[in-house]
Amino acid sequence: MRKRTLGTTGPAVGALGLGAMGMTSGVYGVSDRAESIATVRAALDAGLTLIDTGDHYGAGHNEMLLAEALRGRPRESYVLSVKFGALLAPGGGFLGQDSRPAAVKNFLIHSMTRLGVDHIDIYRPARLDPDVPIEDTVGAIKEMIEAGYVRHVGLSEVRAETIRRAYAVHPVADLQIEYSLISRGVETDVLPTLRELGVGMTAYGVLSRGLISGHWKNVAPRPGDNRSRMPRFSGDNVEHNLTLVDALRRVAEQKGCTVAQLAIAWVAAQSDHIVPLVGARTRDRLNEARPAADLTLSADDLAEIEKAVPAGSAHGDRYPAAMMANLGTGN
């Protein structure tokens, strides 16, 4: 697989990355552990060297699953991106974000222990802590870089102003944020700021949690699936959004690829320093996504895609209202 560099200071990684959240968190229903481990190993074999997780995914079980999947692999053969600081309650309630310098270091040792590694490649607060200046949080990560426990600073779901403040303390490798054909809020301020500063992006939600994968049907999500709470998957919204997918399907058929491959390739085409994260939980979904890394889109292709799915054409927010307030951009 071709490689991309995350900004001007970040690591070189495979042109696609693997997002591991759904393998243990239960947000999209039950996952098969053995299949998840096999998917991680297949991704690495295929050149997807960047693996993204969070210490709160599955309350730590995601990191333990990855430790098993990575066992026996040379440490230099993969790049670990870890989000920290999201606070959980028993039963799954979200209690906020803790990004105090002491907490940064505490979360770090627990992640390294669960993952079975001596350093984290990219370390980032999961969300902005409103009670802690970003300068203090990045300063603590910088200390851990100087101590050899972290390689790069990352950010997640923050605004352009916060990126600038963080970068003034230490160069930032990448921002992790949602970006897809139907989630384009980053294009106004965030993406131009990343380009100006030389910061990369790891784009999650590139298929909008399966909505624009070409596989989603207009049926209610299964019990326990968090998509049942997301406005884009509800009622008239999902019906409208699937008409956009139908339009995108016609472009994909002309291009000789699947809808998912086209949607992933569109994100990658927006910058050489963007690495789309594929949230595959099975080898089948991984194998479908992989060709997107080699799919080249011409100016005419991009124009046809824009015509099929114009900016702002999706109906419904990407998260429930209470969660939207904690994000770096809107839809």
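Above this text sits the structure in question.
Keep in mind that what you see is a predicted model, and the values were worked out from it rather than measured.

Conventions and cut-offs
- Residues numbered from 1 in each chain as written.
- Predicted model: local features only at pLDDT ≥ 70, side-chain atom pairs only at ≥ 80, totals over all residues.
- Heavy atoms only, no water.
- Pairing = 2+ DSSP bridges.
- Helix = DSSP H or I, 4+ residues; strand = E, 2+ residues; numbered from the N terminus.
- Axes fitted to C-alpha atoms, helices over the stretch in contact; angles between N-to-C directions.
- Contact = heavy atoms within 4.5 Å.
- Buried < 20%, exposed > 50% of the residue type's maximum accessible area, 1.4 Å probe, protein only.
- Right-handed = clockwise from strand over helix to strand, strands pointing away.
- Core = buried A, V, L, I, M, F, W, Y, C linked by side-chain atoms within 4.5 Å.
- Phe/Tyr/Trp six-rings, centres within 6.5 Å; stacked < 30°, edge-to-face > 60°.

Student: Could you give an account of the sheet that holds strand E9 (residues 150–156), with specific residues and numbers?
Tutor: The strands making up a sheet associate through backbone hydrogen bonding, with each pair oriented either parallel or antiparallel. In space, the eight strands of this closed barrel follow the order E3-E4-E5-E8-E9-E10-E11-E12, with parallel pairing throughout. Taken pair by pair, the neighbouring strands of this sheet meet at an average axis angle of 25°, ignoring direction. Where strand E5 (residues 79–84) and strand E8 (residues 120–125) come together, four bridges link them in parallel fashion. Opposite Val82, over in E8, you have Tyr123 as the bridge partner. Docked against the sheet, helix H8 (residues 259–268) engages strand E11 (200–204) and strand E12 (274–278), running at close to 150° with respect to E12.

Student: Could you give me a rundown of the pairing of E9, with the residues and numbers involved?
Tutor: With six of seven residues buried, E9 is to be regarded as a mostly interior element. Of the strand pairs in this sheet, E8 and E9 are connected by three bridges, and their pairing is parallel. Looking at E9, one finds that Ile122 is bridged to His152. Taking the sense of rotation as the criterion, the β-α-β connection linking E8, helix H4 (residues 134–146) and E9 turns out right-handed.

Student: Before we move on, could you go through the nonpolar core and cite the residues and values that matter?
Tutor: Core analysis: the largest hydrophobic core is formed by 103 residues, its most contacted members being Tyr123, Tyr179 and Met201. When near neighbours in sequence (up to four residues on either side) are disregarded, Met201 contacts Leu6, Asp174, Leu175, Ile177, Tyr179, Val186, Leu191, Leu194, His273, Ile274 and Val275.

Student: Account for unusual backbone geometry, naming residues and giving values.
Tutor: Here the phi dihedral of Ala59 falls at roughly 50°; this positive angle occurs in a residue that is not glycine. Residue classification places Ala59 among the exposed residues on the basis of a relative accessible area of 59%. Backbone geometry at Ser208 places phi at a positive 50°, although glycine is not the residue there. Among the secondary structure elements, Ser208 is positioned in the loop between E11 and helix H7 (235–255).

Student: Break down the packing of aromatic side chains for me, citing the residues and quoting the values.
Tutor: Throughout the structure, instances matching the rule amount to four aromatic pairs. Ring plane angle 25° and centroid distance 4.4 Å describe the contact between Phe84 and Tyr123, whose orientation is recorded as stacked. With Phe84 in strand E5 and Tyr123 in strand E8, the pair connects residues that are 39 residues apart, well separated along the chain. The burial state of Phe84 is the same as that of Tyr123; both residues are buried.

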